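Given next are the chains, with one letter for each unit.
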Amino acid sequence: MPLLSSDEIAELIATAHALADAAREATLFHFRKTELSAENKESDRFDPVTVADRLSEERMREILARRRPQDGILGEEFGTVSGSSGLTWVLDPIDGTRSYLSGTPTWGVLISVADENGPVYGLIDQPYIRERFEGGFGVARVVGPSGESALRCRPPRALSEAILFSTFPEVGTAAEGDAFRRVSVKARLTRYGTDCYAYGLVAAGTIDLVIEAGLQAYDVQAPIAVIEAAGGIVTNWQGGGCHMGGQILAAANKEIHAEAMALLNA
């Protein structure tokens, strides 16, 4: 990562919050509106995009053009812009568009700053309940309806006592789904459907694991930053780096990470 002064770090953090504030306004403008429709981005499954996804990313890119024109951008809806600073903003304007369409408050806006090695700072923002998880540059906190508190992942406990989350019951390919179920049957509780919000819960210390497959860089970089700042670990299913997406194993601590990874690779 480029050597950053305290003033530069403060500017990056302030810019990230400005992006999240703009995305809140853009997404809430269309949320739970009966006339909201969606286009399908894929032919073999329902992968929706709405006017709110595009508006949210447009608003964030406008801010970056003014405040950080030297940085790169990787966004879900409008692709990649090269930069000269060595830093890239990775944006998911609505993570969980299916949840957004359904009116459930478990979608979120994902914003992170990355260097060539991956994310160094990130936000997971849930606009409707006004809850924001933040991690990186020595910060690990959540601000929401109950005020502000530190983020700290759950301490080790056996998988038989753990809570596991994934967005879909059908995780990835058939083989990936079989691997997921080897972990799921050992866990105390498995829940589905909360998209990026589940990663915030790992950082907040209320759940132990998130296991997914087929993710993109913009799906995972902000969660990586937040969970690692809270003391957790996020890797691929083999224990390697995952900041460009793929198979994701997010764990509250190294012990339960190792137990889950052994079952995934059994």
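Residues numbered from 1 in each chain as written. Predicted model: local features only at pLDDT ≥ 70, side-chain atom pairs only at ≥ 80, totals over all residues. Heavy atoms only, no water.

### A look at helix α5 (residues 197-204)
Residues spaced three or four apart along an α-helix point in a common direction, a consequence of the helix completing one turn every 3.6 residues. A large share of α5 lies buried, amounting to seven of its eight residues. Every buried residue belonging to α5 is among Y197, A198, Y199, G200, L201, V202 and A203, and all of these are buried. If you follow the buried residues of α5, they end up packed against β7 (118-126), β8 (131-136), β11 (163-166), β13 (209-216), α6 (217-229) and β15 (245-251). Just downstream of α5 lies G205, where phi reads positive at about 85°. (Buried < 20%, exposed > 50% of the residue type's maximum accessible area, 1.4 Å probe, protein only. Helix = DSSP H or I, 4+ residues; strand = E, 2+ residues; numbered from the N terminus. Contact = heavy atoms within 4.5 Å.)

### Quick word on unusual backbone geometry
Positive phi outside glycine occurs at R130, with the angle close to 55°. Position of R130 among the secondary structure elements: in the loop between β7 and β8. Judged by relative accessible area, which is 47%, R130 ranks as partly exposed.

### What to know about the packing of aromatic side chains
Counting across every chain of the model gives seven aromatic pairs. With a centroid separation of 5.2 Å and an interplanar angle of 40°, the aromatic rings of F31 and Y100 are classed as tilted. Taken together, the residues F31 in the loop between α1 (6-30) and β1 (39-40) and Y100 in helix α3 (residues 97-102) connect sequence positions 69 residues apart. Per residue, the accessibility class of F31 equals that of Y100, and both read buried. A centroid spacing of 5.2 Å and a plane angle of 65° characterise the contact between F31 and Y128, whose relative ring orientation is edge-to-face. Of the two residues, F31 is situated in the loop between α1 and β1 and Y128 in the loop between β7 and β8; the sequence distance between them amounts to 97 residues. A relative accessible area of 6% means that F31 is categorised as buried. Grouping aromatic residues by their ring pairs yields a cluster made of F31, Y100, W107 and Y128. Lying across the ring of F29, K33 places its NZ or CZ 4.9 Å from the centre. (Phe/Tyr/Trp six-rings, centres within 6.5 Å; stacked < 30°, edge-to-face > 60°. Lys NZ or Arg CZ within 6 Å of the ring centre and 35° of its normal.)

### With respect to the sheet that holds β7
Strands belonging to one sheet form pairs held by backbone hydrogen bonds; the direction of such a pair is parallel or antiparallel. In spatial order, the strands read β4-β3-β5-β6-β7-β8-β9-β10; together these eight strands make up an open sheet with mixed pairing. This sheet does not close on itself; its edge strands, each paired only once, are β4 (79-81) and β10 (147-150). On average, each strand axis in the sheet is inclined to that of its neighbour by 15°, with strand direction left out of account. Pairing between strand β9 (residues 139-144) and β10: four bridges, direction antiparallel. Looking at β10, one finds that R141 is bridged to A150. Sheet strands in contact with α5 are β7 and β8, and its direction is about 65° off that of β8. Contacts between α6 and the sheet are confined to β3 (72-75), β5 (88-95), β6 (108-115), β7, β8 and β9, with β7 contributing the most and set at about 95° to the helix. (Pairing = 2+ DSSP bridges. Axes fitted to C-alpha atoms, helices over the stretch in contact; angles between N-to-C directions.)

### Re the sheet that holds β15
The five strands lie next to each other as β12-β11-β13-β15-β14, forming an open sheet whose pairing is mixed. Looking at the sheet topology across the chains shown, the edges are occupied by β12 (189-192) and β14 (233-235). Between one strand axis and the next, the sheet turns by 20° as a mean value, whatever way the strands run. In the packing of α5 onto the sheet, contacts are made with β11, β13 and β15, and the angle to β13 comes to roughly 145°.

### Here we look at the pattern of salt bridges
Two side chains with opposite charge may pair up if their charged atoms get near one another. Using the criterion set out here, one finds 13 salt bridges in the structure. Between R61 and E57 there is a salt bridge, and its shortest N-O distance comes to 2.9 Å. Note that R61 and E57 are positioned in helix α2 (residues 51-67) at a spacing of four residues, about one turn of the helix. Given a relative accessible area of 0%, E57 falls into the buried group. Look at the salt bridges and you will find they share partners, linking D21, R24, D125 and R132 into a network. (Salt bridge = Lys/Arg side-chain N within 4 Å of Asp/Glu carboxyl O.)

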